[in-house]
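Results of the structural survey
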Amino acid sequence: MSTAGNDEGEYVNTHDEASAKALVVRRRPARARAAVLVLHGGRAESRRTARPWHLAALRMRPFLRTLESRTHRDDVLLGQVRYRRRGWNGEGAEPLADTVRALAELRELVGDVPVVLLGHSMGGRAALRAADAPQVRGVVALAPWCPPGEPVAQLRDRHVLVLHGSRDRITDPGESAAYVSRARAAGARAGMLLVAGGDHAMLRHHGRWHRTAASAVAHLLAPGTAPSGLFVRATTNVDPVAL
């Protein structure tokens, strides 16, 4: 996982931090029966303000567009988690706190509807950590940052799908595979898909990333109406399934 380096520059204004919502709604139906929250990546350490024009955030726009077309407009809310800072920042785990706030704001907005979290890199780590929230049905984690010792107990009875590129040099697909194995032992229905030749930025084979992630989200929202043989294969195979 890359680090921030020199952290001089823009910082969060404490007034803005206190007043800003963690939930950014991208599509709100008249009556939501479910929701998808998208979490972008970031840095291991950085106190700088997270902005929507940063590359990590822009990287998730194609996923939002694909989700727009692959989920029901009439009843599925689409949203994003707004981070206060760009970094995870050690034990502070600030993106996790922002995700918890976003889930609380979502509950106030639409009630206790089932939620699927879709997160990339640092956002994948935050999504997996936040999976113990009562309304979270499952997590789709893209090239997640899963360092050794990352907790998995919160994933009990949750559905988890990890997609990781075989050529990722930022986060380790081997660590993701080990994480999935531990999650299964903790009681999660977890699996992993390996994107052959895929990189951390998800630019190589980008269409495959977008379609597979959206299909997995649709399956978790409504398994009966959006069956996914690929999801079943991933969660029943011992080793990661190659795409």
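We now turn to the structure provided with this report.

Basis of the calculations
Residues numbered from 1 in each chain as written. Predicted model: local features only at pLDDT ≥ 70, side-chain atom pairs only at ≥ 80, totals over all residues. Heavy atoms only, no water. Patch = residues over 30% accessible without salt bridge, like charges linked within 9 Å, V, L, I, M, F, W, Y side chains within 5 Å. Areas by Shrake-Rupley, 256 points an atom, 1.4 Å probe, with all protein chains shown as cover. Salt bridge = Lys/Arg side-chain N within 4 Å of Asp/Glu carboxyl O. Lys, Arg positive; Asp, Glu negative; His and termini not counted. Charge placed at Lys NZ, Arg CZ, Asp CG, Glu CD. Helix = DSSP H or I, 4+ residues; strand = E, 2+ residues; numbered from the N terminus. Phe/Tyr/Trp six-rings, centres within 6.5 Å; stacked < 30°, edge-to-face > 60°. Buried < 20%, exposed > 50% of the residue type's maximum accessible area, 1.4 Å probe, protein only. Lys NZ or Arg CZ within 6 Å of the ring centre and 35° of its normal. Axes fitted to C-alpha atoms, helices over the stretch in contact; angles between N-to-C directions. Parallel < 35°, antiparallel > 145°, perpendicular 65-115°, else oblique. Left-handed = near helix turned anticlockwise from the far one by under 90°. Contact = heavy atoms within 4.5 Å. Nonpolar A, V, L, I, M, F, W, Y, C, P; charged D, E, K, R; others polar. Pairing = 2+ DSSP bridges.

All right, on to a positive patch on the surface then. There is a patch of like positive charges on the surface, built from Arg26, Arg61, Arg65 and Arg82. Residue position: Arg82 is located in the loop between strand 3 (76-81) and helix 4 (94-110).

Looking now at the pattern of salt bridges. With the rule as written, the count across this model stands at eleven salt bridges. Between Arg84 and Asp98 there is a salt bridge, with its nearest N and O atoms 2.6 Å apart. One end of the pair, Arg84, is in the loop between strand 3 and helix 4; the other, Asp98, is in helix 4, and 14 residues separate them in sequence.

Under the criterion given, the structure shown has one aromatic pair. Taking 6.0 Å as the distance between ring centres and 75° as the angle between the ring planes, the aromatic pair formed by Trp88 and Trp145 counts as edge-to-face. Taken as a pair, Trp88 in the loop between strand 3 and helix 4 and Trp145 in the loop between strand 5 (136-142) and strand 6 (159-165) lie far apart in primary sequence, 57 residues in all. An identical accessibility class is assigned to Trp88 and Trp145; each is buried. The positively charged end of Arg125 is found above the aromatic ring belonging to Trp145, 4.3 Å away from the centroid.

Another aspect to go through is the packing of helix 3 (residues 61-70) against helix 7 (residues 206-221). Running from N to C, helix 3 and helix 7 cross one another at 50°; their axes reach a closest spacing of 9 Å. Taken together, the axes of helix 3 and helix 7 lie oblique to each other. The chirality of how helix 3 crosses helix 7 is right-handed. Residues Pro62, Phe63, Thr66, Leu67 and Arg70 of helix 3 form the contact with helix 7, whose own contacting residues are Trp209, His210, Arg211, Ala213, Ala214, Ser215, Val217 and Ala218. Counted by class, the contact of helix 3 with helix 7 contains eight nonpolar, three polar and two charged residues.

For the rest of this paragraph, the subject is the sheet that holds strand 7 (residues 189-195). The eight strands lie next to each other as 1-3-2-4-5-6-7-8, forming an open sheet whose pairing is mixed. The open sheet is flanked by strand 1 (23-27) and strand 8 (241-242), the only strands paired with a single partner. Sheet analysis places strand 6 next to strand 7, joined by seven bridges and oriented parallel. Within strand 7, the position partnered with Val160 by the bridge is Ala190. Relative to strand 3, helix 4 is tilted by about 150°, and along the sheet it contacts strand 1, strand 2 (34-39), strand 3, strand 4 (115-120) and strand 5.

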